[in-house]
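# Commentary on secondary and tertiary structure
What follows is the residue order along each chain.
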Amino acid sequence: ACESWSGGAEMRRALTDDAFKLLNLTRDWLVSLLPHVLGKASRVSFGLLSASFLRSHPTTPLSRRVLAVPFVGKDCPSESSQFSHPDVAIGLTILAYRYEKLRWADFMRVMRELRAELSVQIGPYKLRPASLTFAAWVA
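So, a few notes on the structure that sits alongside this text. (Residues numbered from 1 in each chain as written. Predicted model: local features only at pLDDT ≥ 70, side-chain atom pairs only at ≥ 80, totals over all residues. Heavy atoms only, no water.)

## Concerning unusual backbone geometry
The phi dihedral of D75 is positive, around 55°, even though this residue is not glycine. One non-glycine residue, K101, adopts positive backbone phi at about 75°. The residue K101 is located in the loop between α5 (86-100) and α6 (104-120) in this model. (Helix = DSSP H or I, 4+ residues; strand = E, 2+ residues; numbered from the N terminus.)

## Description of α5
Across its 15 residues, α5 extends 20 Å between first and last C-alpha, which sits within 8% of the 21 Å expected from 1.5 Å per residue. Contacts from the buried residues of α5 go to α2 (17-38), β1 (46-47), α4 (62-66) and α6. Two residues or fewer past α5, K101 is found with a positive phi of approximately 75°. (Expected span 1.5 Å × (residues − 1). Contact = heavy atoms within 4.5 Å.)

## Let's talk about the packing of α2 against α5
Their axes nearest at 10 Å, the elements α2 and α5 cross at an angle of 55°. Here α2 is positioned oblique relative to α5, judged by the angle of their axes. In the crossing of α2 with α5, the sense of the turn from one axis to the other is right-handed. Together, W29, L33, H36, V37 and L38 of α2 and D87, V88, G91, L92 and L95 of α5 make up the contact between the two elements. (Axes fitted to C-alpha atoms, helices over the stretch in contact; angles between N-to-C directions. Parallel < 35°, antiparallel > 145°, perpendicular 65-115°, else oblique. Left-handed = near helix turned anticlockwise from the far one by under 90°.)

## Re the pairing of strand β2 (residues 69-73)
Taking burial as the measure, the 5 residues of β2 include 4 buried ones, the bulk of the element. Relative to β2, β1 is paired through 2 bridges, and the arrangement is antiparallel. Pairing of G47 across the sheet is with V69, part of β2. Pairing geometry for β2 and strand β3 (residues 76-77), over 2 bridges, is antiparallel. Paired with F71 across the two strands is P77, which belongs to β3. The turn joining β2 and β3, which pair antiparallel and follow one another in sequence, is formed by 2 residues; a positive phi near 55° is taken by D75. (Buried < 20%, exposed > 50% of the residue type's maximum accessible area, 1.4 Å probe, protein only. Pairing = 2+ DSSP bridges.)

## Details of the packing of α6 against helix α7 (residues 129-138)
As a packed pair, α6 and α7 sit with axes 8 Å apart at the nearest point and diverge in direction by 145°. Across from V110, M111, L114, E117 and L118 in α6, the residues of α7 making contact are A130, S131, T133, F134 and W137.

## As for the nonpolar core
As a rule of thumb, soluble globular proteins bury nonpolar side chains together. Ranked by size, the top nonpolar core spans 12 residues in total: L33, V37, F46, L48, A68, F83, V88, A89, L92, L95, A96 and Y97. Mapped onto this core, the elements with two or more residues apiece are α2 and α5. At 6 residues, the largest contribution of residues to this core is made by α5. When near neighbours in sequence (up to four residues on either side) are disregarded, A96 contacts F46, G47, L48, A68 and K101. Listed in part, the 5 residues of the second largest apolar core include L49, L54, V69 and F71. (Core = buried A, V, L, I, M, F, W, Y, C linked by side-chain atoms within 4.5 Å.)

## Points about the pattern of salt bridges
For the structure on display, the rule yields 6 salt bridges. The residue D28 makes a salt bridge to R27 at a minimum N-O spacing of 3.8 Å. Where R109 meets D106, a salt bridge forms, and the shortest distance between an N and an O atom there is 3.1 Å. A residue pair is termed a helical-turn pair when its members lie 3 or 4 positions apart in one helix, as R109 and D106 do in helix α6 at 3 residues. Through salt bridges that share partners, R43, K74, D75 and E100 make up one connected network. (Salt bridge = Lys/Arg side-chain N within 4 Å of Asp/Glu carboxyl O.)

Nothing here speaks to function; it is all geometry.
Spelled out as structure tokens, the structure:
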């Protein structure tokens, strides 16, 4: 990708392998995946499952509970489909949480996980990584 650009060979020599891979991944995201993801309509072609849907479908797999899922129409999630491309699923999930906000159950799951991490970390309470993370979130 970057090597086809006139300065690509020089850039390739200047970057580490990991940095070059990250640059190519970024380019792929900006050129192909981001336009695809932004072209979808929230709650029409994708979205998060509602709390009422999750209550009425208690055996829903965790991946469908926390990731964006395809919709077949306005506010109508597909019964079992998931996005097959992981980068598309991640991008649509980020947008879904941005548009729909964090659900209460998701917030409580994050708080329980942060509390569990805090209980196994050592050192002064205020200097533990979980405590610093929480402080950064509420600052």
